[in-house]
Amino acid sequence: MKVAIIGAGAMGGAIARGLISSAPRFITSPGDLCAANPSPRRLAPLAEAGASTTCSNIEAVRDASLVILCVKPWLVKDVITEIKDHIDYSYAEIAVVAACVTISDLNEWLHKESAGSRSPSFCIVMPNTAVSLCKSMTFQVNGNGTCPLTLKAFGQLGEVMVIEERLLPAATSIASCGIAYALRYIRAAMEGSVELGIRAPLAQEMIVQTLIGAASLLQEPGTHPETEIDKVTTPGGLTIRGLNAMEHSGFTSAVINGLKASTPR
Ligand SMILES: NC(=O)C1=CN([C@@H]2O[C@H](COP(=O)(O)OP(=O)(O)OC[C@H]3O[C@@H](n4cnc5c(N)ncnc54)[C@H](O)[C@@H]3O)[C@@H](O)[C@H]2O)C=CC1
Ligand SMILES: O=C(O)[C@@H]1CCC=N1
């Protein structure tokens, strides 16, 4: 089964690396993947990993069963116009990875006279950059049909939730932009650690393992963060002093404002 990735930048490249590393579970071998990008520089590492690569979007989508479109949002319409006549709507699925693009936009852009009234199977997919390590939180909004190939592909790359379109802007902010927010916390904690006399690389190791532990505690069913925070917070002890100092500096408000700012209304 051929999978085409159009746009091999941060996200397309990460998806390609994730699919290659999870072979043979979705693609049988790296050669099943064809990545297209105008600049060959982006394609070189994927070619080295065994994927087929091309600078022609049309060549990439020909005979593909799954087309994953990973270009910047303002290029989606033009790229669809370029490739749609070369995609066989009778069997191919199209997954569009782009913020601020709607199902209604895609319905209009994917329409082609030659397909008569046939609509292709398509969806919007919103992963995060952890797809490269198969640890993404990905959202899928189906436009037409259930898009089982897309679900299976991204299922190899982490967790997938099929959601309603109205939830997508918030979900994008929480999990796709959210990777950057979580990393910014780590950077802030590293800066604090350096001020406390700990070298940055050692601090990073300490903080990353702490966050893995914190996230793992919440994977127990029904656990709420505050329940775990309570277990750490000795009355009159150290943790509550730190938590209160963070709140006096607006920690919770800063996070809420950040999430709202990256949720288009
Ligand atoms: N970077 C992220 O964490 C996330 C990005 N997204 C979405 O993924 C999409 C891609 O974003 P990034 O990968 O971050 O951008 P990027 O700029 O890193 O990658 C886009 C790639 O598309 C290529 N490109 C430009 N014009 C093209 C064309 N006509 N045909 C084929 N390829 C072309 C560029 O050379 C570049 O390699 C965007 O729509 C974005 O909203 C969604 C979730 C997370
Ligand atoms: O910043 C952005 O617009 C993209 C979409 C979600 C994550 N990165």
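Residues numbered from 1 in each chain as written. Chains lettered and ligands numbered in written order. Predicted model: local features only at pLDDT ≥ 70, side-chain atom pairs only at ≥ 80, totals over all residues. Heavy atoms only, no water.

Draft legend 1. Representation of the sheet that holds strand E5 (residues 93-96) in the model. Spatial ordering of the open sheet is given by E3-E2-E1-E4-E5-E6-E7-E8, a layout of eight strands whose pairing is mixed. Strand pairing shows two members of the sheet lacking a second neighbour, strand E3 (52-54) and strand E8 (158-162), which therefore form its edges. For this sheet the average axis-to-axis angle between neighbouring strands, irrespective of direction, equals 20°. Sheet topology places strand E1 (residues 3-6) next to strand E2 (residues 33-36); four bridges connect them, and they run parallel. Paired with alanine 4 across the two strands is cysteine 34, which belongs to E2. Across the sheet, helix H5 (residues 103-110) touches E5, strand E6 (121-126) and strand E7 (136-144), and the angle it forms with E6 is around 140°. (Pairing = 2+ DSSP bridges. Helix = DSSP H or I, 4+ residues; strand = E, 2+ residues; numbered from the N terminus. Axes fitted to C-alpha atoms, helices over the stretch in contact; angles between N-to-C directions. Contact = heavy atoms within 4.5 Å.)

Draft legend 2. Broad picture of the layout of surface pockets. Reported here for the second largest pocket is a volume of approximately 700 Å³. Taken together, 30 residues make up the lining of the second largest pocket; nearest its centre are Met11, Cys70, Val71, Lys72 and Val97. Of all the secondary-structure elements, those providing two or more residues to the lining of the second largest pocket are helix H1 (10-22), helix H4 (76-83) and helix H7 (168-176). With three residues, the top contributor of residues to the lining of the second largest pocket is H1. Residues that form the lining of the second largest pocket fall into these classes: 18 nonpolar, nine polar and three charged. (1 Å grid on protein atoms, 1.4 Å probe; cavity = no way out; pocket = protein on both sides within 12 Å on 5 of 7 lines; lining within 4 Å. Points joined across faces, edges and corners; volume = space filled by probe spheres on them. Nonpolar A, V, L, I, M, F, W, Y, C, P; charged D, E, K, R; others polar.)

Draft legend 3. Highlighting the site of ligand 1. Surrounding ligand 1, one finds 22 residues, the nearest of these being Ala10, Met11, Asn37, Asn57 and Val71. Interatomic distance of 3.3 Å between a side-chain N/O atom of arginine 42 and an oxygen atom of ligand 1. Take asparagine 57: an N or O atom from its side chain is 2.9 Å from a nitrogen atom of ligand 1. For ligand 1, whose accessible area on its own is 820 Å², the fraction buried by protein is 79%. Among the cavities detected, the one that contains ligand 1 is the second largest pocket. Along the lines of polarity and charge, the residues of the shell around ligand 1 split into 15 nonpolar, five polar and two charged. (Near = heavy atom within 4 Å. Polar contact = N/O pair within 3.5 Å; in protein donor to acceptor, adjacent residues only side chain to side chain. Areas by Shrake-Rupley, 256 points an atom, 1.4 Å probe, with all protein chains shown as cover. Sits in = over half its atoms within 2 Å of the grid points.)

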